[in-house]
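Take a look at the letters that make up each chain.
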Amino acid sequence: MNIYDQLQAVEDRYEELGELLSDPEVVSDTKRFMSLSKEEASIRDTVTTYREYKQVLQNISDAEDMLKETSGDAELEEMAKEELKDSKQTKDDYEERLKILLLPKDPNDDKNIILEIRGAAGGDEAALFAGDLLTMYQKFAESQGWKFEIMEASYNGVGGIKEVVAMVSGQSVYSKLKYESGAHRVQRVPVTESQGRVHTSTATVLVMPEVEEVEYDIDPKDLRVDIYHASGAGGQNVNKVATAVRMVHIPTGIKVEMQEERTQQKNRDKAIKIIRARVADHFAQIAQDEQDAERKSTIGTGDRSERIRTYNFPQNRVTDHRIGLTLQKLDTILSGKMDEVVDALVLYDQTQKLEELNKQ
């Protein structure tokens, strides 16, 4: 099937979905209606672009007809030539956009995410930098209209973050933040440094798509659940009723501890969300490693320990090592204005996939 047949098939499906979504029988079936609405939304941009593209093709045809009819009229002939030139350039632009829109979509792109940030090499300074990354993602989420909920956090003595787990919910969260997994490096003079020397520290980020129970079901027999008393800073007991939950996935050894909520059930619900995402991610990563052994992967799916970005404070510079992007905007990016970085990563990934597709 060539690109035009593919596009026509997508448009035909879009029109079919429009009819289905106005069918009272479908409207009354909430689950089916939601599923079809989601499908319609996912192809709307492709259909709109394709329809605009067909109008450009019509403009080219009209300009060619005008050229045939304007022999002898220099002014009209010049207008027709200019229209034809512009329309052909527009046609090329649309064809590139349509190729990208027809690329196989990551099934996780529309999902919410579970975000984990940990201070790594560098002690207190690494924990403080992890806190800076958390603020950056919180502010970016706010700018996107997403909900950012901290599910579990542990801090060190200087206000830095040992580890934080957050749920980020909203439209297409994973599609924009999936490239953030990896080691983030900071170069700056720590507040504790009296000699003014620049130190290098790292924090790690892990982005996992939220996994629904229907997508990945964990056998209850594979879980060990312990209930205990939640404790506050310094270990003092803050709850007379045992509400904290420790959940272990026995086959993988993956463990989650949750005590943020006041009730055992809420802590249990959050723990199962995190452990389901971690277990699914664990097995997805094994599958990805096997795939990468055969074929070099594109960005965002490789080694989780890979250093992906450096934040250099003395030079106000951020460098993404995967795509060779350097911006003298560290303060802007850390304040949550990440769009330039995110857009560059998305574009690079799309370009890589297009090149792979053209080789086939």
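Note that the structure is a prediction, hence the values are computed from the model and not measured. (Residues numbered from 1 in each chain as written. Predicted model: local features only at pLDDT ≥ 70, side-chain atom pairs only at ≥ 80, totals over all residues. Heavy atoms only, no water.)

## Description of the overall build of the protein chain
No. 1: When you go through the protein chain residue by residue, the secondary structure sums to 9 helices and 11 strands.
No. 2: Buried positions account for 39% of the 360 residues belonging to the protein chain.
No. 3: When contacts within the protein chain are restricted to residue pairs at least 6 apart in sequence, long-range pairs at least 24 apart make up 60% of them. (Helix = DSSP H or I, 4+ residues; strand = E, 2+ residues; numbered from the N terminus. Buried < 20%, exposed > 50% of the residue type's maximum accessible area, 1.4 Å probe, protein only. Contact = heavy atoms within 4.5 Å.)

## As for a negative patch on the surface
No. 1: On the surface, a cluster of negative charge is made up of Asp62, Glu64, Asp65, Glu69, Glu78, Glu82, Glu83 and Asp86.
No. 2: Mapped onto the elements of the fold, Glu64 is located in helix α3 (residues 30-69).
No. 3: Of the residues examined, Glu64 reaches a relative accessible area of 34% and is grouped as partly exposed. (Patch = residues over 30% accessible without salt bridge, like charges linked within 9 Å, V, L, I, M, F, W, Y side chains within 5 Å. Areas by Shrake-Rupley, 256 points an atom, 1.4 Å probe, with all protein chains shown as cover. Salt bridge = Lys/Arg side-chain N within 4 Å of Asp/Glu carboxyl O. Lys, Arg positive; Asp, Glu negative; His and termini not counted. Charge placed at Lys NZ, Arg CZ, Asp CG, Glu CD.)

## Section: the sheet that holds strand β10 (residues 317-320)
No. 1: The strand order across the open sheet built from 8 strands is β2-β3-β1-β5-β4-β9-β10-β11, with neighbouring strands paired in mixed fashion. Looking at strand neighbours, the two that pair on one side only are β2 (147-155) and β11 (325-327), the edges of this open sheet. When the angles between neighbouring strand axes are averaged without regard to direction, this sheet yields 15 degrees.
No. 2: In terms of strand pairing, strand β1 (residues 113-119) meets strand β3 (residues 161-169) through 6 bridges, oriented antiparallel. Bridging across to β3, Ile117 finds its partner in Val164. (Pairing = 2+ DSSP bridges. Axes fitted to C-alpha atoms, helices over the stretch in contact; angles between N-to-C directions.)

## Observations concerning the pattern of salt bridges
No. 1: Tallying each qualifying case throughout the model produces 27 salt bridges.
No. 2: Arg13 is the salt-bridge partner of Glu39, the closest N and O atoms lying 2.8 Å from each other. Note that Glu39 is positioned in helix α3 and Arg13 in helix α1 (residues 3-20), a separation of 26 residues in sequence.
No. 3: Owing to a relative accessible area of 26%, Arg13 belongs among the partly exposed residues under this scheme.
No. 4: Across the salt bridge formed by Asp109 and Lys178, the nearest N and O atoms sit 2.9 Å from each other. On the criterion of sequence distance, the pair formed by Asp109 in the loop between α4 (74-101) and β1 and Lys178 in the loop between α6 (173-177) and β4 (182-188) is long-range, its members being 69 residues apart. A single burial state applies to Asp109 and to Lys178, both of which are buried.
No. 5: Each of the salt bridges in this network shares a partner with another, and the network as a whole consists of Arg224, Asp226, Arg246, Lys255 and Glu257.

## Concerning the pairing of strand β5 (residues 199-209)
No. 1: Of all the 11 residues making up β5, 8 are buried; the element is thus mostly covered by neighbouring parts of the structure.
No. 2: Two strands pair when backbone bridges link them, and β1 and β5 are joined in this way by 7 bridges, in the antiparallel orientation. Bridge assignment links Leu115 to a residue of β5, and that residue is Val207.
No. 3: With 7 bridges joining them, β4 and β5 adopt antiparallel strand pairing. By the bridge assignment for β5, His184 is matched with Ala203.

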